[in-house]
Amino acid sequence: MMATPISCPAFRRAALVLALVTGGMPALAQETANPMQGESANQIAASQAVGEAVLIPNRVIYPGETIELAALKQVTLVPGKHQPDGMATRSEELQGKVAKRTLLPGRYIPVAAIRDAWLVEQGASVQVYFTAGALTISAAGVTLQPGAAGDLIKVRNIDSGKIISGIVMADGTIKVGAS
């Protein structure tokens with residue numbers, strides 16, 4: 001039996017789907033590094049083709065690793081190309097975040113692949129607060145899961161042994177509501 005040849009457009013579509021599924025989306029960009037040293041930022045910007053500047057990894061970033069600006073490089077997108085939705089490409093979106101999965105060099109970073117750093121770790125001793133009007137009740141607790149500011153986590157009350165849910169506050173305390 002003789003195999004039928006695959007048409008070129010069908011092969012390209014299949015290769016693109018395979019690349020997107022296995023390795024993320026490649027950034028269609030030009031590096032912004034300029035071989036001429038000593039130029040000002042304005043001169044470099046003027047010499048670049050007009051395009052959107054984005055940040056992508058310059059090395060492999062592993063799950064659980066905090067993203068530092070040194071692990072990223074700035075590239076300018078090819079003119080006419082725009083960053084896809086759902087991708088983090090600015091330093092404010094990436095600095096200090098933690099990778100949830102492996103981030104590959106030269107690929108966009110999906111927003112779903114990063115998270116805020118944990119403010120409280122699992123098993124940490126924390127202060128738990130309940131506030132209603134002028135009444136404030138505090139207790140000592142142990143976290144049963146890690147959490148970042150604003151996350152709802154479970155905490156065990158050390159005195160009673162009861163498990164309660166609360167929101168992680170920016171100062172590392174847990175705020176609980178009436179149940």
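In case you missed it, the structure is sitting above this.
Residues numbered from 1 in each chain as written. Predicted model: local features only at pLDDT ≥ 70, side-chain atom pairs only at ≥ 80, totals over all residues. Heavy atoms only, no water.

A. Geometry of the nonpolar core. Counting 12 residues, the largest nonpolar core is built from Leu55, Ile61, Ile67, Ala71, Leu72, Ala88, Leu94, Ala99, Leu103, Ile109, Ala113 and Ile114. The contacts of Ile67, once residues within four sequence positions are left out, are Ile61, Leu72, Leu94, Gln95, Gly96, Lys97, Ala99, Leu103 and Ile114. Residues Val120, Val126, Val168 and Val176 belong to the second largest nonpolar core, which totals 8 residues. (Core = buried A, V, L, I, M, F, W, Y, C linked by side-chain atoms within 4.5 Å. Buried < 20%, exposed > 50% of the residue type's maximum accessible area, 1.4 Å probe, protein only. Contact = heavy atoms within 4.5 Å.)

B. Representation of the sheet that holds strand E8 (residues 125–132). Spatially, E8-E9-E10-E11-E12 is the arrangement adopted by the 5 strands of the closed barrel, whose pairing is mixed. When strand polarity is set aside, the average angle formed by the axes of neighbouring strands in this sheet is 50°. In terms of strand pairing, strand E10 (residues 152–157) meets strand E11 (residues 163–168) through 5 bridges, oriented antiparallel. In the strand pairing of E11, Lys154 is matched with Ser165. (Pairing = 2+ DSSP bridges. Helix = DSSP H or I, 4+ residues; strand = E, 2+ residues; numbered from the N terminus. Axes fitted to C-alpha atoms, helices over the stretch in contact; angles between N-to-C directions.)

C. Structural context of the pattern of salt bridges. Tallied over the entire structure, the rule returns 4 salt bridges. For Arg59, the salt bridge goes to Glu65, with nearest N and O atoms at 2.6 Å. On the basis of relative accessibility, which here comes to 34%, the residue Arg59 falls in the partly exposed class. Since its relative accessible area comes to 22%, Glu65 is described here as partly exposed. Ionic pairing is found between Lys97 and Asp116, a salt bridge with its closest N-O pair at 2.4 Å. In this pair, Lys97 sits in the loop between helix H3 (91–94) and strand E5 (98–99) while Asp116 sits in the loop between strand E7 (114–115) and E8, placing the two residues 19 residues apart along the sequence. Where salt bridges share partners, they join Arg90, Glu92 and Glu93 into one cluster. (Salt bridge = Lys/Arg side-chain N within 4 Å of Asp/Glu carboxyl O.)

D. The arrangement of the pairing of strand E2 (residues 53–57) in detail. The buried fraction of E2 is high, at 4 of 5 residues. Examined bridge by bridge, E2 and strand E3 (residues 72–77) share 5 bridges and lie antiparallel to one another. Bridging across to E3, Val54 finds its partner in Val75.

E. Fine view of the environment of Leu55. In this fold, Leu55 is placed in strand E2. Residue Leu55 is classed as buried on the basis of its relative accessible area of 14%. With 17 residues separating them along the chain, Leu55 and Leu72 place their C-alpha atoms 6.0 Å apart. Every residue in contact with Leu55, bar those within four places of it in the chain, is listed here: Leu69, Leu72, Lys73, Gln74, Ala88, Thr89, Arg90, Ser91 and Leu94.

Treat this as a map of the structure, not an account of what it does.
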